[in-house]
Amino acid sequence: MVRNEQRTERNRATDPHFKAGCGGRESPVAVMVRIRQVMARVRQAVSALGPVDPEFAAVLARRWAELPETARTPGQLLGRHAVGCEGTHGVFPQCNLACTPCYHSRDANQVRVDGRHTLGQVRAQMGLLRDQRGPRAHAQLIGGEVTLLSPDDHADALQVMRAHGREPMSMSHGDFDYEYLERLVLGPGGRVRLRRVSFAAHFDSLMFGRRGIPRPPDEASLNPYRHRFAAMFARLRREHGVQYFLAHNMTVTPANLRQVADVVRDCAAMGYGMFSFQPAAFVGDERRWREDYRDVTGDQVWAEIGRGVGAKLDYRVFEHGDVRCNRAAYGFWAGNRWYPVLDGDDPRDLVVREAFFRYFGPVNFTGTPQPLLAARIALITTRHPRIITLAAGWQPAPSAGWGRGSCWPTGCVRSAT
Ligand code: SF4
C-alpha cells in the first residue's frame, strides 16, 4: 500500500501524462484503445491464415468498380493495391501561424478544439472510414496545427486511428520542440507508447509567424528549420528506438515556383521520405489570398520537381486517382542521382508492375506486422515461382549502384494539384 502510494507520488511528480484520479493507471480512452487493438490483432491472426485478407480484397474490388472509367488506367493503385489516403476533417482547425494562403476559413480559430471534442470526432470519422474503406489504409491526422493538442490528446488520437486500422500521419507546421515529441511517444512512467510515428511537415516561405523566422525571405532561409525538424526524429529514434517516416509539404504559388527545384536538391538528404508540393488554390480564407494562383499549373510544378531531381519523372507508372489532381513518382537516390523504381519507358519494368498488381495487389502492406507480411509474401511466392524470376531480373538501372551508404529511399516526389 505504502509502496503503491510512493509509486503514485513518483508518477505525479515525474510523469507529465499522469492522470489525476486514475491512481496513475491508463486513461479510459487508452484502455478502450488497447482492447480494440487486441481485437484487431485477433482478426489479423485469423485472416493471416490466407495470403490475402478477404475483406480487404472485397473493399479493393468495390473501390475499383466505383472509379470512373478514365481512372482505370494500367498504373492505377486505387482499387488494385490501395483504397486511398484520407483523413480527419474539420476536427481541430486552430493554428498559430498565418499562411498566405491557408485553406482554413476565417472562422477556423473560433472552432472548439479541445481534446475531448477532438477524440470524439476522430473516433466517429475513423469509424466511418473503417466501414467504407475496410480494415487497412493510411490516414492523415489533419486539421489546423496538430501540436496545439496536448501530447496526450495527440497520442490518444493516433491510437484511436490505429485501433480503426488507419496508419496515421500527423500534419504539422513543424514549429515545435523535441520535448513535445518525446512527451507524445512516451506514456505513463516513461514507457514508449508509440513505437512508430509519421509526420508531414509543412515548410514554405508563404508561412508567417514561425519562431526564429517570422517572415522568411525565401525558401533557402528555411533550410535550417527543415533540417532541425528532421533531426528531432533522428534523436527520438536514437534515444527511444521510435521508428518514423517524414514527409515534406510545400505550398507553391507564382512567388516560390522557381525555388521548388532548389528545395528538392537542398533537402534530399535531410531525412524526408517524401516531398510533396501543393499548388495554391482559391480555397479558404479569402483575406489571405495574395497572388493569382491560377498562374501556376500542375505541369509547371511537376517540371520544377523534375529539375530538382535531375531526372524525368513519370507519373503514369503508378497513379493515385486522377493525375489531373495528384501525381507521384517513386524512386531513390544513389549518391547524388535519383532513379525511378520502375521506368515507364522500359517494357520489362511494366511487366514487373503488372506482376506486382497481379500477385501482390490485394496484399496489404500498410500497418501489417512485418513477420505476417513476410509470411504472406513467402506464401504467394511459393504458389507463383515466376515471382522469383521476375524479381531476380529486376534492377533499377545498371549504373544506380547499391553501394553501402550511397543509397537511401525517397518514397515519392509528388505534386498534388
Ligand atoms: S500552417 Fe497550415 S493551418 Fe496553419 S496557417 Fe499555415 S496553412 Fe493554415
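Residues numbered from 1 in each chain as written. Predicted model: local features only at pLDDT ≥ 70, side-chain atom pairs only at ≥ 80, totals over all residues. Heavy atoms only, no water.

A few words on the overall build of the protein. Along the protein, the regular secondary structure elements total 12 helices and 11 strands. Burial analysis of the protein (417 residues in total) assigns 49% to the buried set. Once local pairs closer than 6 in sequence are excluded, the contacts in the protein between residues at least 24 apart make up 75%. Carbon and sulfur atoms provide 55% of the accessible area of the protein, an area that totals close to 20500 Å². (Helix = DSSP H or I, 4+ residues; strand = E, 2+ residues; numbered from the N terminus. Buried < 20%, exposed > 50% of the residue type's maximum accessible area, 1.4 Å probe, protein only. Contact = heavy atoms within 4.5 Å. Areas by Shrake-Rupley, 256 points an atom, 1.4 Å probe, with all protein chains shown as cover.)

Here we take up the side chain of S170. Relative to the helices and strands, S170 resides in strand β4 (residues 166–172). A distance of 2.8 Å separates a polar atom in the side chain of S170 from a polar atom in the side chain of H154. Excluding anything up to four places from it in sequence, S170 contacts L141, V146, H154, L158, S198, F199 and A200. (Polar contact = N/O pair within 3.5 Å; in protein donor to acceptor, adjacent residues only side chain to side chain.)

Trans peptide bonds make up the majority, and among non-glycine residues the majority have a negative phi. Following T100, the chain continues into P101 via a peptide bond in cis, with omega recorded as 10 degrees. Along the chain, P101 turns up in the loop between β2 (98–99) and α4 (115–133).

A few words now on helix α10 (residues 347–360). With 14 residues, α10 ought to run about 20 Å at 1.5 Å a step, and its terminal C-alpha atoms sit 19 Å apart, in line with that. Taken as a whole, α10 has its buried residues at D349, R353, A355, F357, Y359 and F360. (Expected span 1.5 Å × (residues − 1).)

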